[in-house]
Amino acid sequence: MKYADDKLEVFMSHRSALVDYATPITGCRSKAEDVVQDAFLRYVPTADGHEDPLRAGVSYLYRIVRNLSIDMVRRSAMESRYTDADTVTWLEPAGEAGPEEVSEYRDQVGRVAAVLEALPEKERLAVEMHRFGDYTLADIARRLEVSIATAHRMVRNAMLKVAKELD
């Protein structure tokens, strides 16, 4: 295990220089630190201890850092080509709903509740179990003692009535 300790010592003595080396390539010091950390994992010997001693030098460590940095830059460039600014708008936090929106949402919820109350009991139970209870159609059919096709038809009809009310 002396060999692994020597590699750790070499890595730790060159760590800050490796980060400085990777920073201009990656364009970001934090990304460079990630690259150097990954390089360390590739630099240490394998679990079975079979490591080529000729590849253990400092130049090999710098080569690992350079290759990983270039890979990171290429990967970032490829990802940015396939994404645009509009792609991740769903990640942005939702703003506060204004009074008009709150009133509209309450009105919609009231209309949906009225539609659900007007449904026959089995149909209402079927849609509530499916939409709010995450029950499968087979579970609903078993519970309401109907066929799966009938359970599906009840849920579909109820949802159509709700959609019609909201349009």
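Heads up: these notes are all about the structure in this document. (Residues numbered from 1 in each chain as written. Predicted model: local features only at pLDDT ≥ 70, side-chain atom pairs only at ≥ 80, totals over all residues. Heavy atoms only, no water.)

Structural notes on the nonpolar core
Filter applied, for reference: Buried Ala, Val, Leu, Ile, Met, Phe, Trp, Tyr and Cys residues form a nonpolar core when they are joined through side-chain atoms within 4.5 Å. With a 1.4 Å probe rolled over the protein chains alone, any residue whose accessible area is under 20% of its type maximum counts as buried; one over 50% counts as exposed, and the rest are partly exposed. Secondary structure follows DSSP: runs of H or I at least 4 residues long count as helices, runs of E at least 2 residues long count as strands, and numbering of each begins at the N terminus. Throughout, a contact is declared for two residues whenever any of their heavy atoms are within 4.5 Å.
In this structure, Phe 11, Leu 18, Val 36, Tyr 43, Ile 64 and Val 65 are the most contacted members of the largest nonpolar core, which totals 16 residues. Contributing elements (two or more residues each) for this core: helix H1 (2-26), helix H2 (29-43) and helix H3 (58-81). Once residues within four sequence positions are removed from consideration, Val 36 is found in contact with Phe 11, Arg 15, Leu 18, Val 19 and Val 65. Core analysis: the second largest hydrophobic core is formed by eight residues, Met 129, Ile 140, Ala 141 and Met 154 among them.

Here we look at the packing of helix H5 (residues 121-131) against helix H6 (residues 137-144)
Rules: Note on definitions: angles span 0 to 180 degrees between N-to-C directions of axes, and those axes are lines fitted to C-alpha atoms, for helices only across the stretch in contact. Crossing handedness: left-handed means the near helix sits turned counterclockwise from the far one by under a right angle, and right-handed means the same turn made clockwise. Ten residue types, Ala, Val, Leu, Ile, Met, Phe, Trp, Tyr, Cys and Pro, are classed as nonpolar, four, Asp, Glu, Lys and Arg, as charged, and the remainder, Gly among them, as polar.
The geometry of H5 relative to H6 is characterised by a closest axis approach of 10 Å and an angle of 145 degrees between their N-to-C directions. Seen along the crossing, H5 lies across H6 with a hand that is right-handed. Together, Lys 122, Leu 125, Ala 126, Met 129 and His 130 of H5 and Leu 137, Asp 139, Ile 140, Arg 143 and Leu 144 of H6 make up the contact between the two elements. By residue class, the composition of the contact of H5 with H6 is six nonpolar, one polar and three charged.

Some remarks on the side chain of Thr 26
Where we set the bar: Residues adjacent in sequence count toward polar contacts only when both atoms are side-chain atoms; beyond that, a polar contact is any pair of N or O atoms within 3.5 Å, and within protein one must be able to donate a hydrogen and the other to accept it.
With respect to the secondary-structure elements, Thr 26 resides in helix H1. Note on Thr 26: relative accessible area 12%, which makes it buried. One polar contact links the side chain of Thr 26 to the main-chain carbonyl oxygen of Cys 28, over a distance of 3.0 Å. The contact partners of Thr 26, leaving out residues within four places of it in the chain, are Lys 31, Ala 32, Val 35, Ser 69, Met 72 and Val 73.

Details of the pattern of salt bridges
Heads up, the condition is: Any carboxyl oxygen of Asp or Glu within 4 Å of a side-chain nitrogen of Lys or Arg constitutes a salt bridge here.
Counting across every chain of the model gives seven salt bridges. One salt bridge in this structure joins Lys 161 and Glu 123, with 3.5 Å as the shortest N-O distance. Of this pair, Lys 161 sits in helix H7 (residues 148-166) while Glu 123 is found in helix H5, placing the two residues 38 residues apart along the sequence. Given a relative accessible area of 39%, Lys 161 falls into the partly exposed group. One network of salt bridges, with partners in common, ties together Asp 107, Arg 111 and Glu 165.

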